[in-house]
Amino acid sequence: MEYKSTIDGVMHACGDDTHTTALAGAALILSEIRDELHGNVKFIFQLAEEKNAGAKMLVEAGGMDDVDVIFGLHNHPDVPAGKMGVKLGGLMAAVDTIWKRGTWRNTSKNY
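Quick notes on the rules
Along every chain, residues carry numbers that run from 1 in the direction the sequence is written. With pLDDT at 70 or above as the cut-off, local features in this predicted model cover only qualifying residues; side-chain atom pairs require 80 or more to be listed or tallied, and sums for whole chains, interfaces and linings still use all residues. For the side-chain quantities, the full set of heavy atoms in the structure was used; hydrogens and water were omitted. In what follows, salt bridge is the name for a side-chain nitrogen of Lys or Arg lying within 4 Å of a carboxyl oxygen of Asp or Glu. Secondary structure elements are defined from DSSP: runs of H or I of at least 4 residues count as helices, runs of E of at least 2 residues count as strands, and each element is numbered from the N terminus. In this scheme, a residue with accessible area under 20% of its type's maximum is buried, one over 50% is exposed, and one in between is partly exposed, where area comes from a 1.4 Å probe on protein chains only.

With that out of the way, let us pick up the pattern of salt bridges. Overall, the coordinates contain 2 salt bridges when judged by the stated rule. Between Asp-66 and Lys-42 there is a salt bridge, with the nearest N and O atoms lying 2.7 Å from each other. With Asp-66 in the loop between α2 (54–60) and β1 (96–100) and Lys-42 in the loop between α1 (16–32) and α2, this pair connects stretches of sequence that are 24 residues apart. The exposed category is assigned to Asp-66, whose relative accessible area is 57%. Lys-42 gets classed as partly exposed once you look at its relative accessible area, which sits at 41%. In this structure, Lys-56 and Glu-60 form a salt bridge, with 3.9 Å as the shortest nitrogen-oxygen distance.

Put into structure tokens, the structure is as follows:
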């Protein structure tokens, strides 16, 4: 594969491919039924979530000014394939950094 890591045994496996595919799929499906929807739909891919900075940049740039309701999505290995977990309120709202052997890893904690 051309897009695999150039360093054996190392990869970036945070789920960005899953998130991008899910958002693109939702955009495709909802665009096909746009005449049946009431209101506007905005598709947002939050950047820099690992650094706890992306949402702040989005808000400061005015990206949320005309948003009344927002739905977030994150893949989670504990939810079986074909199933969906739903929660009202904050979820995966913590960003922490763990240093191990000179490299950083980001973690999320469910709330």
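Mapping Ala-26 onto the fold places it in helix α1. Looking at Ala-26, the relative accessible area reads 29%, which means it is partly exposed. A sequence separation of 17 residues divides Ala-26 from Phe-43, and the C-alpha atoms of the two residues are 8.6 Å apart.

Take Phe-71: it is sitting in the loop between α2 and β1. Sequence separation between Phe-71 and Phe-43 is 28 residues; the distance between their C-alpha atoms is 9.9 Å.

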